[in-house]
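# Examining the three-dimensional arrangement
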Amino acid sequence: MKTVLVIESSISGKAGKSTQLIEQFVAKLPSSVQLDRIDLAAEPLPHLEMNEIAAWMTPEADRSLEQAALARHSDDLIDRFKQADAIILGVPMYNFGVPSQLKALFDRIARAGITFKYTEQGPVGLLADKPVVIFATRGGIYQGTGADSQTPFLQQFFNFIGLSEQHFIYAEGLNMGEDAARAALDKAEQRIAALSEELAA
(Lines give C-alpha, C1' and ligand atoms only; values in the text may rest on other atoms or scores of the structure.)
Protein backbone atom coordinates (compact mmCIF):
# COMPACT_ATOMS: atom_id res chain seq x y z
CA MET A 1 0.00 0.00 0.00
CA LYS A 2 1.71 3.15 -1.25
CA THR A 3 -0.99 5.82 -1.48
CA VAL A 4 -4.06 6.25 0.74
CA LEU A 5 -6.84 8.67 -0.17
CA VAL A 6 -8.29 10.22 3.00
CA ILE A 7 -11.72 11.89 2.75
CA GLU A 8 -12.97 13.93 5.70
CA SER A 9 -16.60 15.07 5.66
CA SER A 10 -17.28 16.21 9.23
CA ILE A 11 -18.50 19.81 9.44
CA SER A 12 -16.69 19.93 12.81
CA GLY A 13 -13.36 19.68 11.02
CA LYS A 14 -10.52 18.33 13.13
CA ALA A 15 -12.81 18.27 16.17
CA GLY A 16 -15.09 15.72 14.49
CA LYS A 17 -14.95 12.23 15.96
CA SER A 18 -14.81 10.62 12.50
CA THR A 19 -11.80 12.79 11.65
CA GLN A 20 -10.09 11.92 14.94
CA LEU A 21 -10.58 8.21 14.33
CA ILE A 22 -9.13 8.61 10.84
CA GLU A 23 -6.02 10.19 12.36
CA GLN A 24 -5.64 7.29 14.79
CA PHE A 25 -5.85 4.86 11.87
CA VAL A 26 -3.41 6.83 9.70
CA ALA A 27 -0.90 7.02 12.57
CA LYS A 28 -0.69 3.21 12.53
CA LEU A 29 0.10 2.95 8.82
CA PRO A 30 3.70 2.49 7.64
CA SER A 31 5.62 5.76 7.39
CA SER A 32 6.23 5.06 3.70
CA VAL A 33 2.51 5.46 2.89
CA GLN A 34 1.68 8.72 1.13
CA LEU A 35 -1.56 10.44 2.09
CA ASP A 36 -3.78 12.26 -0.40
CA ARG A 37 -6.28 14.27 1.65
CA ILE A 38 -9.67 15.71 0.75
CA ASP A 39 -11.24 17.89 3.45
CA LEU A 40 -14.82 18.54 2.38
CA ALA A 41 -15.44 20.94 5.26
CA ALA A 42 -12.48 23.16 4.39
CA GLU A 43 -13.06 22.91 0.63
CA PRO A 44 -16.69 21.91 0.01
CA LEU A 45 -17.81 20.92 -3.45
CA PRO A 46 -20.87 22.68 -4.87
CA HIS A 47 -23.98 20.61 -5.37
CA LEU A 48 -24.12 18.98 -8.77
CA GLU A 49 -25.96 20.92 -11.48
CA MET A 50 -27.02 20.07 -15.01
CA ASN A 51 -24.42 22.27 -16.68
CA GLU A 52 -21.67 20.18 -15.07
CA ILE A 53 -23.26 16.94 -16.29
CA ALA A 54 -23.52 18.49 -19.76
CA ALA A 55 -19.79 19.23 -19.63
CA TRP A 56 -19.06 15.53 -18.93
CA MET A 57 -21.21 14.52 -21.89
CA THR A 58 -19.45 16.91 -24.27
CA PRO A 59 -16.37 15.39 -26.01
CA GLU A 60 -13.23 16.79 -24.41
CA ALA A 61 -12.05 18.42 -27.64
CA ASP A 62 -15.39 20.25 -28.00
CA ARG A 63 -15.67 21.63 -24.46
CA SER A 64 -15.67 25.34 -23.87
CA LEU A 65 -13.27 26.75 -21.26
CA GLU A 66 -16.14 26.84 -18.78
CA GLN A 67 -17.07 23.22 -19.52
CA ALA A 68 -13.46 22.11 -19.21
CA ALA A 69 -13.25 23.72 -15.77
CA LEU A 70 -16.51 22.10 -14.69
CA ALA A 71 -15.46 18.65 -15.93
CA ARG A 72 -12.14 18.95 -14.12
CA HIS A 73 -13.88 18.65 -10.72
CA SER A 74 -15.02 15.14 -11.52
CA ASP A 75 -12.01 14.10 -13.61
CA ASP A 76 -9.55 15.02 -10.86
CA LEU A 77 -11.54 13.24 -8.15
CA ILE A 78 -11.85 10.07 -10.22
CA ASP A 79 -8.11 10.12 -10.92
CA ARG A 80 -7.43 10.31 -7.19
CA PHE A 81 -9.74 7.35 -6.57
CA LYS A 82 -7.95 5.38 -9.28
CA GLN A 83 -4.45 6.19 -8.06
CA ALA A 84 -5.10 5.32 -4.42
CA ASP A 85 -4.26 1.88 -3.07
CA ALA A 86 -6.85 2.34 -0.32
CA ILE A 87 -9.56 4.86 0.55
CA ILE A 88 -10.45 6.06 4.04
CA LEU A 89 -13.65 8.00 4.71
CA GLY A 90 -14.97 9.74 7.79
CA VAL A 91 -18.77 9.60 7.67
CA PRO A 92 -20.68 11.20 10.54
CA MET A 93 -24.44 10.74 10.52
CA TYR A 94 -26.45 13.91 9.96
CA ASN A 95 -30.22 13.49 10.14
CA PHE A 96 -30.00 9.78 9.26
CA GLY A 97 -27.92 10.32 6.13
CA VAL A 98 -24.41 11.00 4.90
CA PRO A 99 -23.14 14.60 4.95
CA SER A 100 -24.30 16.54 1.90
CA GLN A 101 -20.67 17.48 1.23
CA LEU A 102 -19.87 13.78 0.80
CA LYS A 103 -22.88 13.23 -1.44
CA ALA A 104 -21.61 16.03 -3.70
CA LEU A 105 -18.33 14.14 -4.05
CA PHE A 106 -20.09 10.83 -4.76
CA ASP A 107 -22.15 12.53 -7.48
CA ARG A 108 -18.91 13.36 -9.28
CA ILE A 109 -17.38 9.90 -8.85
CA ALA A 110 -20.27 7.91 -10.39
CA ARG A 111 -19.71 8.48 -14.13
CA ALA A 112 -21.18 6.16 -16.76
CA GLY A 113 -18.48 4.70 -18.96
CA ILE A 114 -15.73 5.79 -16.55
CA THR A 115 -16.42 4.31 -13.11
CA PHE A 116 -19.36 2.07 -14.08
CA LYS A 117 -21.20 0.80 -17.14
CA TYR A 118 -24.62 -0.67 -17.80
CA THR A 119 -24.82 -4.14 -19.34
CA GLU A 120 -27.63 -6.56 -20.13
CA GLN A 121 -26.90 -8.17 -16.77
CA GLY A 122 -27.03 -4.86 -14.92
CA PRO A 123 -24.47 -2.25 -13.87
CA VAL A 124 -20.80 -3.21 -13.60
CA GLY A 125 -18.21 -1.22 -11.65
CA LEU A 126 -15.10 -0.21 -13.58
CA LEU A 127 -12.70 0.75 -10.78
CA ALA A 128 -10.07 -1.77 -9.68
CA ASP A 129 -11.05 -3.07 -6.26
CA LYS A 130 -9.17 -1.77 -3.23
CA PRO A 131 -9.84 -1.47 0.51
CA VAL A 132 -12.37 1.16 1.54
CA VAL A 133 -12.35 1.93 5.27
CA ILE A 134 -15.40 3.81 6.53
CA PHE A 135 -15.50 5.47 9.95
CA ALA A 136 -19.20 5.79 10.76
CA THR A 137 -19.81 8.00 13.79
CA ARG A 138 -23.28 8.52 15.23
CA GLY A 139 -24.81 10.26 18.22
CA GLY A 140 -27.28 7.41 18.77
CA ILE A 141 -27.39 3.67 18.13
CA TYR A 142 -28.31 2.77 14.56
CA GLN A 143 -26.13 -0.11 13.33
CA GLY A 144 -28.25 -3.05 12.23
CA THR A 145 -31.54 -1.15 12.55
CA GLY A 146 -33.92 0.22 9.91
CA ALA A 147 -32.81 3.73 10.83
CA ASP A 148 -29.30 3.11 9.52
CA SER A 149 -29.66 4.43 5.99
CA GLN A 150 -25.93 5.13 5.72
CA THR A 151 -24.54 1.60 5.67
CA PRO A 152 -26.67 0.17 2.82
CA PHE A 153 -26.22 3.37 0.80
CA LEU A 154 -22.44 3.30 1.17
CA GLN A 155 -22.29 -0.43 0.43
CA GLN A 156 -24.39 -0.01 -2.69
CA PHE A 157 -22.49 3.02 -3.92
CA PHE A 158 -19.05 1.46 -3.63
CA ASN A 159 -20.20 -1.87 -5.06
CA PHE A 160 -21.70 0.07 -7.97
CA ILE A 161 -18.30 1.50 -8.97
CA GLY A 162 -16.40 -1.73 -8.33
CA LEU A 163 -15.12 -1.28 -4.78
CA SER A 164 -16.39 -4.29 -2.86
CA GLU A 165 -13.67 -4.60 -0.19
CA GLN A 166 -15.39 -2.48 2.43
CA HIS A 167 -14.49 -2.22 6.12
CA PHE A 168 -16.87 -0.39 8.47
CA ILE A 169 -15.69 0.90 11.85
CA TYR A 170 -18.59 2.21 13.92
CA ALA A 171 -18.57 4.56 16.89
CA GLU A 172 -22.16 4.95 18.08
CA GLY A 173 -23.90 6.43 21.09
CA LEU A 174 -21.51 9.38 21.15
CA ASN A 175 -24.25 11.71 22.43
CA MET A 176 -25.62 9.25 24.99
CA GLY A 177 -23.40 10.20 27.88
CA GLU A 178 -19.70 10.16 28.64
CA ASP A 179 -19.52 6.46 29.51
CA ALA A 180 -21.31 5.39 26.33
CA ALA A 181 -19.09 7.62 24.19
CA ARG A 182 -15.90 6.33 25.81
CA ALA A 183 -16.98 2.72 25.36
CA ALA A 184 -17.80 3.34 21.68
CA LEU A 185 -14.48 5.03 21.01
CA ASP A 186 -12.55 2.30 22.83
CA LYS A 187 -14.26 -0.33 20.69
CA ALA A 188 -13.46 1.63 17.53
CA GLU A 189 -9.82 1.99 18.58
CA GLN A 190 -9.54 -1.78 19.04
CA ARG A 191 -10.93 -2.29 15.55
CA ILE A 192 -8.51 0.32 14.18
CA ALA A 193 -5.53 -1.53 15.65
CA ALA A 194 -6.62 -4.86 14.15
CA LEU A 195 -7.57 -3.49 10.72
CA SER A 196 -4.49 -1.30 10.27
CA GLU A 197 -2.30 -4.31 10.97
CA GLU A 198 -4.33 -6.44 8.55
CA LEU A 199 -4.14 -3.92 5.69
CA ALA A 200 -0.45 -3.19 6.23
CA ALA A 201 0.45 -6.89 5.96
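Above this text you will find the structure in question.
Residues numbered from 1 in each chain as written. Predicted model: local features only at pLDDT ≥ 70, side-chain atom pairs only at ≥ 80, totals over all residues. Heavy atoms only, no water.

Counting its regular elements, the chain contains six helices and seven strands. Ordered by position in the sequence, the α and β elements of the chain form the string β-α-β-α-α-β-α-β-β-β-α-β-α. Over its C-alpha atoms the chain spans a radius of gyration of 18 Å, differing by no more than 12% from the 17 Å that the globule rule assigns to 201 residues. Along the first, second and third principal axes, the C-alpha set of the chain runs to 60 × 40 × 35 Å. (Helix = DSSP H or I, 4+ residues; strand = E, 2+ residues; numbered from the N terminus. Rg over C-alpha atoms; globule rule 2.2 N^0.38 Å.)

Before going further, it helps to examine the nonpolar core. Among the nonpolar cores identified, the biggest contains 29 residues, and Ile7, Phe81, Ile87, Leu89, Leu105 and Phe158 are the most heavily contacted of them. At the level of secondary structure, the elements contributing two or more residues to this core comprise strand E1 (3-8), helix H3 (65-83), strand E3 (86-92), helix H4 (100-109), strand E6 (132-137), helix H5 (150-160) and strand E7 (166-171). For this core, the element with the most residues is H4, which contributes five residues. Apart from the residues lying within four places of it in its own chain, the contact partners of Leu89 are Ile7, Ile22, Leu102, Phe106, Val132, Val133, Ile134, Phe135 and Phe158. (Core = buried A, V, L, I, M, F, W, Y, C linked by side-chain atoms within 4.5 Å. Buried < 20%, exposed > 50% of the residue type's maximum accessible area, 1.4 Å probe, protein only. Contact = heavy atoms within 4.5 Å.)

This next bit is on the packing of aromatic side chains. The full count for this structure, using the stated rule, is eleven aromatic pairs. Ring centres of Phe116 and Tyr118 lie 5.3 Å apart, and the angle between their planes is 80°; this geometry places the pair in the edge-to-face category. Put simply, the rings of Phe106, Phe153, Phe157 and Phe158 pair up and form one aromatic cluster. (Phe/Tyr/Trp six-rings, centres within 6.5 Å; stacked < 30°, edge-to-face > 60°.)

Further remarks concern the packing of helix H1 (residues 17-27) against helix H6 (residues 178-200). Two packed helices can be described by the angle between their axes and the distance between those axes. In contact at an axis separation of 9 Å, H1 and H6 are set at 40° when each is read in the N-to-C sense. Relative to H6, the element H1 lies oblique. Handedness of the crossing formed by H1 with H6: right-handed. For the pair H1 and H6, contact is made by Lys17, Leu21, Gln24 and Phe25 and by Leu185, Ala188, Glu189, Ile192, Leu195, Ser196 and Leu199, respectively. Here the residues of the contact of H1 with H6 are counted per class, giving seven nonpolar, two polar and two charged. (Axes fitted to C-alpha atoms, helices over the stretch in contact; angles between N-to-C directions. Parallel < 35°, antiparallel > 145°, perpendicular 65-115°, else oblique. Left-handed = near helix turned anticlockwise from the far one by under 90°. Nonpolar A, V, L, I, M, F, W, Y, C, P; charged D, E, K, R; others polar.)

The subject of this paragraph is the side chain of Ser9. In this structure, Ser9 sits in the loop between E1 and H1. Side-chain polar atoms of Ser9 contact the backbone oxygen of Gly90, separated by 2.6 Å. The contacts of Ser9, once residues within four sequence positions are left out, are Leu40, Gly90, Val91, Pro92, Tyr94, Pro99, Gln101 and Leu102. (Polar contact = N/O pair within 3.5 Å; in protein donor to acceptor, adjacent residues only side chain to side chain.)

Next up on the list: the environment of Asn95. Structurally, Asn95 can be placed in the loop between E3 and H4. Judged by its relative accessible area of 75%, Asn95 is exposed.

All right, on to the packing of H3 against H4 then. Interaxial distance between H3 and H4 falls to 8 Å at its minimum, and their mutual angle equals 90°. Judged by the angle between their axes, H3 and H4 are roughly perpendicular. Across the interface between the two elements, His73, Ser74, Leu77, Ile78 and Phe81 of H3 pack against Leu105, Arg108 and Ile109 of H4. For the contact of H3 with H4, the residue count by class is five nonpolar, two polar and one charged.

In total, this model carries twelve salt bridges according to the counting rule given. Put simply, Asp75 and Arg63 hold a salt bridge, and the shortest N to O gap is 3.8 Å. Taken together, the positions of Asp75 in helix H3 and Arg63 in the loop between helix H2 (50-57) and H3 put the pair twelve residues apart, joining distant regions of the chain. In this structure, a network of salt bridges that share partners links the residues Glu8, Lys14, Glu23 and Arg37. (Salt bridge = Lys/Arg side-chain N within 4 Å of Asp/Glu carboxyl O.)

We now examine the sheet that holds E3. Taken together, five strands build an open sheet; the order of strands is E2-E1-E3-E6-E7 and the sheet is parallel. Looking at the sheet topology across the chains shown, the edges are occupied by strand E2 (34-39) and E7. The mean inter-strand angle of the sheet, taken between neighbouring strand axes irrespective of direction, is 15°. Two strands pair when backbone bridges link them, and E1 and E3 are joined in this way by five bridges, in the parallel orientation. Bridge assignment links Val6 to a residue of E3, and that residue is Ile88. Those strands touched by H6 are E6 and E7, and its axis lies near 160° from that of E7. (Pairing = 2+ DSSP bridges.)

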